[in-house]
Amino acid sequence: MLGGGITRIWRTEYPAPLGAAVALRIVVHPTELDTPHVIRIILMTADGEQIAEVVAEFAADPFQADDQLPGEAAGVNVALPMPTVGLPGPGAYSFEILIDGVHQASVPFSVGPPPVQPEGAP
């Protein structure tokens, strides 16, 4: 979801609920299809302070392997809701995504007040 284009979250009071989930499509190499994997998502401030962490296991569908062409990777969809995560204040944040202990990606976003609407705007 955040990788899908959300780069800003607007909040007027803090601490504020994150109000989002992390949705990922993970590509699993054919040699890893029969192995469970651990995904770890860490929400951090720009200063490196850890705000929240979600850990989950995932595996490719074993029946998907029967349909694979030689050398073809499998896609696994993972959605991790973060309903109880609170944002302490405005600023820059990032989701740090690790799979099996290896950092895979950073997904940055910022949090701040909504933009001021001009008078008469709907």
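What you see is a predicted model; the values in this text were computed from it and never measured.

Enquirer: What's the story with the environment of Thr 84 in this structure? I'm lost.
Expert: With respect to the helices and strands, Thr 84 occurs in the loop between strand E6 (74–81) and strand E7 (86–87). Assessed through its relative accessible area of 75%, Thr 84 is described here as exposed. Sequence separation of Thr 84 and Leu 18 is 66 residues, and the distance between their C-alpha atoms is 7.8 Å.

Enquirer: Please explain the packing of aromatic side chains as it appears in this structure.
Expert: Each pair of aromatic rings is reported with the distance of its centres and the angle of its planes. Counting across every chain of the model gives 2 aromatic pairs. Measuring from ring centre to ring centre gives 5.8 Å for Tyr 93 and Phe 109, while their planes differ by 15°; the resulting arrangement is stacked. One end of the pair, Tyr 93, is in strand E8 (residues 91–99); the other, Phe 109, is in strand E9 (residues 102–112), and 16 residues separate them in sequence. For Tyr 93, a relative accessible area of 5% translates into the label buried.

Reading the values: rules and limits
Residues numbered from 1 in each chain as written. Predicted model: local features only at pLDDT ≥ 70, side-chain atom pairs only at ≥ 80, totals over all residues. Heavy atoms only, no water. Helix = DSSP H or I, 4+ residues; strand = E, 2+ residues; numbered from the N terminus. Buried < 20%, exposed > 50% of the residue type's maximum accessible area, 1.4 Å probe, protein only. Phe/Tyr/Trp six-rings, centres within 6.5 Å; stacked < 30°, edge-to-face > 60°.

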